[in-house]
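Now for the letters of each chain:
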Amino acid sequence: MLSKKYRFHSRGGVRYTYQHGKTIRDSKISLVFAVNNRNHQRYAIVVSKKILKSAVGRNRIRRRVYEAIRAELPNIQKPVDCIFIINTKEIAQIDFKELRTIIHDLLIEAKII
RNA sequence: AGCUCGUUCAAUGUAGCCGCUGGCCUAAAAAAUGGCGAGAGGAAAGUCCGGGCAGCACAGGAUACGAUAGUUGCUAACGGCAACCGCGUGUAAGCGUAGGAAAAGUGCCACAGAAACUAAACCGCCCCUGUUUCGGCAGGAGUAAGGGUGAAAAGAGUGAGGUAAGAGCUCACAGAUUCCGCUGGUGACAGCGGGGUGGGGUAAACUCUAUCGGCUGCAAGGAGACCUAGAUACCGUGAUCCGCGGAUGGUCGUUCACCGCUUGACUUCGUGAGCAAUCGCGAAGCUAGAUAGAUGGCUACAGCUCUGCUUGCAGAGUACAGAACCCGGCUUACUAGAGCGAGCGCCUC
């Protein structure tokens, strides 16, 4: 889990990111990101009920992705807002190393790392 | 042993590394750092009932609307629970049951059938008249026993009498229903005795009777900050009317942090009352509090289940499911078990 500092706290910031950010689409996870005017990053994860009906399953996906992001934190200095959109319920089951690779590749493609 | 019924409990564990959200300490205050300890459920779910709490007036009257429906109790309350009664069902332990009123009124009873409710007569049965090729045929009258249709057919079963043939038409017995009395029970009701009655069903159709319910919900509401509009017009009581209240510094709308926010119809243990639900008394304890929403991620080992075979290894699985103001229930989802109590049974060992 990430600390409160690295999370969003209002709808305004999320809305701004959606409207002004760039989008990278992938079959499993998509990334929307935009540079912010703070001195750190903020992250959010979106898991739709359409992807997975169970609240427990959605919680598990969210926690695993947060954990994968946390592993990348030391490599990131650029102040950006990132929203990860989950496209498949496989994220709850896949190998954790594979999940880390997906997140890592997304961040490289967005030139955040 | 087997089959079955009821009920209670538990909800894989241990270690390591890295995190998250509160609390306390470091500390006189804010931040950082470090330390200590806490951190999802039996259903947290569905949001179907009931309450607390909050606001609207100290929530008052009438109507409308809605809910409930055996009795007695329990409870803050309930549509919940317990015990009991009636009915149904099962060999039984048990299980199920909206279980008030059809003589206040209105409606409905598909299809089939002659007829679906102040009866009627399709096939029959019986009598009379006419006719006859002596098999019947036509007309009239009687009947409700038999057949047929239907979920239901006039609603009283058996026997006897009775008759042209029949029929509660009459009688005896049995049964149903209702009223009265006695006995038992707080009561639903049960048992016994006596009188009356014999023209359906449906109220989960309207309706009637009894009882209950004011409305809105923590995005309530409080307090703070900011902005906007109006000037005695109205506004509020969130179904309507009455009635009541407010009325110049108060009202409306929007956003952000704080309070509400967890000490409570609380938990555990002991003890007493009660068949039980539950209640009394005593002692000890504090047990999540997030807000784009913490309670976790990964690794290893062990446990349990299944499958495979090399028989001690490999692979797979390890339910349902995530607090959001708080409680009491109901309903639904679900795993492999364990404990306790009870019934049937004597086929096989």
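A brief look at the structure comes next. What you see is a predicted model, and the numbers here were worked out from it, not measured in a lab.

## Focus: helix 2 (residues 55-72)
Here is step 1 of the chain: With 18 residues, helix 2 extends 26 Å from end C-alpha to end C-alpha; this agrees with the ideal 26 Å at 1.5 Å per step.
Here is step 2 of the chain: Regarding helix 2, the residues found buried are Ile 61, Val 65, Ala 68 and Ile 69. For helix 2, the arc enclosing every buried residue in end-on projection is 100°, short of the 170-degree limit, so these residues lie on one face. In helix 2, the exposed positions angled more than 90 degrees off the buried face are occupied by Ala 55, Val 56 and Arg 63.

## Examining the sheet that holds strand 2 (residues 29-35)
Here is step 1 of the chain: Spatial strand order, 1-2-4-3: four strands in an open sheet with mixed pairing. On the outer flanks of this sheet lie strand 1 (22-24) and strand 3 (42-46), each paired with one strand and no other. On average, each strand axis in the sheet is tilted by 20° relative to the strand beside it, whichever way the strands run.
Here is step 2 of the chain: Where strand 3 meets strand 4 (residues 80-86), five bridges bridge the pair, whose relative direction is parallel. Considered in strand 4, the bridge of Arg 42 is made with Asp 81.
Here is step 3 of the chain: On top of the sheet, helix 2 reaches strand 3 and strand 4; it is set at about 150° to strand 3, its chief contact.

## A few points about the environment of Leu 73
Here is step 1 of the chain: Structurally, the position occupied by Leu 73 is in the loop between helix 2 and strand 4.
Here is step 2 of the chain: Between the C-alpha atom of Leu 73 and that of Gln 41, which follows or precedes it by 32 residues, the distance is 9.1 Å.

## Observations regarding the nonpolar core
Here is step 1 of the chain: In this structure, Leu 31, Ile 61, Val 65, Cys 82, Phe 84, Ile 86 and Ile 91 are the most contacted members of the largest nonpolar core, which totals 21 residues.
Here is step 2 of the chain: Among the secondary structure elements, those contributing two or more residues to this core are strand 2, helix 2, strand 4 and helix 3 (96-109).
Here is step 3 of the chain: Element by element, the count of residues in this core is highest for strand 4, at five residues.
Here is step 4 of the chain: Filtering out sequence-adjacent residues up to four positions away, Leu 31 remains in contact with Ile 24, Cys 82, Phe 84, Leu 106 and Ala 110.

## Side note on helix 3
Here is step 1 of the chain: With 14 residues, helix 3 extends 20 Å between its outermost C-alpha atoms, agreeing within 8% with the 20 Å of an ideal straight helix rising 1.5 Å per residue.
Here is step 2 of the chain: Within the span of helix 3, buried status applies to Leu 99, Leu 106 and Leu 107. The buried residues of helix 3 all sit within an arc of 95° when viewed along its axis, so they share a single face. Projecting away from the buried face of helix 3 at angles above 90 degrees are the exposed residues Lys 97, Glu 98, Thr 101, Ile 108 and Glu 109.
Here is step 3 of the chain: If you follow the buried residues of helix 3, they end up packed against strand 1, strand 2 and helix 2.

So, how was this worked out
Residues numbered from 1 in each chain as written. Chains lettered and ligands numbered in written order. Predicted model: local features only at pLDDT ≥ 70, side-chain atom pairs only at ≥ 80, totals over all residues. Helix = DSSP H or I, 4+ residues; strand = E, 2+ residues; numbered from the N terminus. Expected span 1.5 Å × (residues − 1). Buried ≥ 20, exposed ≤ 12 C-beta atoms within 10 Å, placed from the backbone. Arc of directions from axis to C-beta. Pairing = 2+ DSSP bridges. Axes fitted to C-alpha atoms, helices over the stretch in contact; angles between N-to-C directions. Contact = placed C-beta atoms within 7 Å. Core = buried A, V, L, I, M, F, W, Y, C linked by C-beta atoms within 7 Å.

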